[in-house]
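Remarks on the overall topology
Residues per chain, in single letters:
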Amino acid sequence: MDWTRYAIYWLPDGPLGRAGADWLGWDARAGQACATGREDTEEPRRYGFHATLKPPFRLVQGTNAEALGVVARALAARTMPEDLGRLSVARLGRFCALVPDRNPSEVAAAMVAGLDAFRAPPDAAELARRRSGGLTPGQDRLLARWGYPYVMDGFRMHLTLTGPHPSDGAEAEAAAHFANGLGPHRIEVVSLVGEDAQGRFHLVEDLPLRGHAADPTDSAATASRTA
């Protein structure tokens, strides 16, 4: 399938992943709707239950999906896993999310920087939209450099559970719903995901984190050339 955008997610599997898919109503791993989803999850539903490590991006001209997969696999193979500790329900601004005890900043930074050669820069409309919400000078610098204001030192891992208007009691309901899957957890696999024409995200490929030394023959510049 041709995807409109790609991203790197932590896409939980097992009991946590199933609980998250049921909560939102979209299973990104299976690429299908599940349950009915809550009314307050309509906005995050299309993304699936996930934590963003490299935000969604369009492929820059001169690259292709095959090359992205090659480089993403090599990048994951040389990236060390990170412990997250336990997850807990929290209110982040206007929405509810699961947040880990420990922020996996090294994995996230590796994914953002290591795949940046494949990212088409945001257009003027997207930049204006991002800035309309109000950004700090540091966030604006991150937006200009990496195409997103909440990466690198602005990154805070979370798994979104609701849209901006959570229903009354959403936090308590989430704590009960996810009680058996809160961990502790460790990121040992990240996932390359793709967005379909309807805006829903699907698993493309799981990428194990192995912490191997980099292969000197592998480079993003070489792999990103079109075949």
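Overview of the structure. (Residues numbered from 1 in each chain as written. Predicted model: local features only at pLDDT ≥ 70, side-chain atom pairs only at ≥ 80, totals over all residues. Heavy atoms only, no water.)

1. Quick notes on the pattern of salt bridges
Heads up, the rule is: Definition used for salt bridges: Asp or Glu carboxyl oxygen within 4 Å of a side-chain nitrogen of Lys or Arg. Numbered from the N terminus, helices here are DSSP runs of H or I no shorter than four residues, and strands are runs of E no shorter than two. Exposure classes here rest on a 1.4 Å probe applied to the protein chains alone. A residue is buried below 20% of its type maximum, exposed above 50%, and partly exposed in between.
Counted according to the given criterion, the structure contains 14 salt bridges. Residues aspartate 83 and arginine 186 are paired through a salt bridge, measuring 2.9 Å at the closest nitrogen-oxygen approach. Pair noted here: aspartate 83 is in strand S5 (residues 82–85) and arginine 186 is in strand S9 (residues 185–187), with a separation of 103 residues, a long-range link. A salt bridge links aspartate 140 to arginine 131; the shortest N-O distance between them is 2.6 Å. The class of arginine 131 is partly exposed, set by a relative accessible area of 37%. One connected set of salt bridges, linked through shared partners, spans Arg5, Arg46 and Glu195.

2. Section: the packing of aromatic side chains
Threshold: A pair of Phe, Tyr and Trp rings is counted when the ring centres sit within 6.5 Å of each other, with Trp represented by its six-membered ring. The angle between the planes then sorts it: under 30 degrees is stacked, over 60 is edge-to-face, the rest tilted.
For the structure shown, the criterion picks out five aromatic pairs. Ring geometry for tyrosine 9 against phenylalanine 201: centres 5.8 Å apart, planes inclined by 35°, an arrangement best described as tilted. With a gap of 192 residues between them, tyrosine 9 in strand S1 (residues 5–10) and phenylalanine 201 in strand S11 (residues 201–208) connect regions that are remote in the sequence. Phenylalanine 201 shares its class with tyrosine 9; the two are buried.

3. Details of the packing of helix H1 (residues 14–24) against helix H7 (residues 170–177)
The following threshold applies: Inter-axis angles, ranging from 0 to 180 degrees, are taken between N-to-C directions of lines fitted to C-alpha atoms, where helices are fitted over the stretch in contact. For a crossing to be left-handed, the near helix must be turned anticlockwise from the far one by less than a right angle; the clockwise case is right-handed. Between two residues, a contact is recorded if the distance between any of their heavy atoms is within 4.5 Å. Under the scheme applied here, ten amino acids are nonpolar (Ala, Val, Leu, Ile, Met, Phe, Trp, Tyr, Cys and Pro), four are charged (Asp, Glu, Lys and Arg), and all others, including Gly, are polar.
Where H1 meets H7, the axes come as close as 11 Å, and the angle between the chain directions of the two elements is 145°. The interaxial crossing formed by H1 with H7 has right-handed handedness. Contacts from Ala19, Asp22 and Trp23 of H1 reach H7 at Ala170, Glu173, Ala174 and His177. Of the residues belonging to the contact of H1 with H7, the class tally is four nonpolar, one polar and two charged.

4. Re the packing of helix H3 (residues 65–77) against helix H4 (residues 105–114)
Between two packed helices, what matters for the description is the angle formed by their axes and the separation of those axes. Short version of the rule: Here is the rule for angles: anything less than 35 degrees is roughly parallel, anything more than 145 is roughly antiparallel, 65 through 115 is roughly perpendicular, and the remaining ranges are oblique.
One way to put it is that H3 packs onto H4 with a least axis distance of 11 Å and a crossing angle of 150°. With respect to their mutual orientation, H3 and H4 come out roughly antiparallel. Relative to H4, the crossing made by H3 is right-handed. Residue-level contacts link Val71, Leu75 and Ala76 of H3 to Ala110, Met111 and Gly114 of H4.

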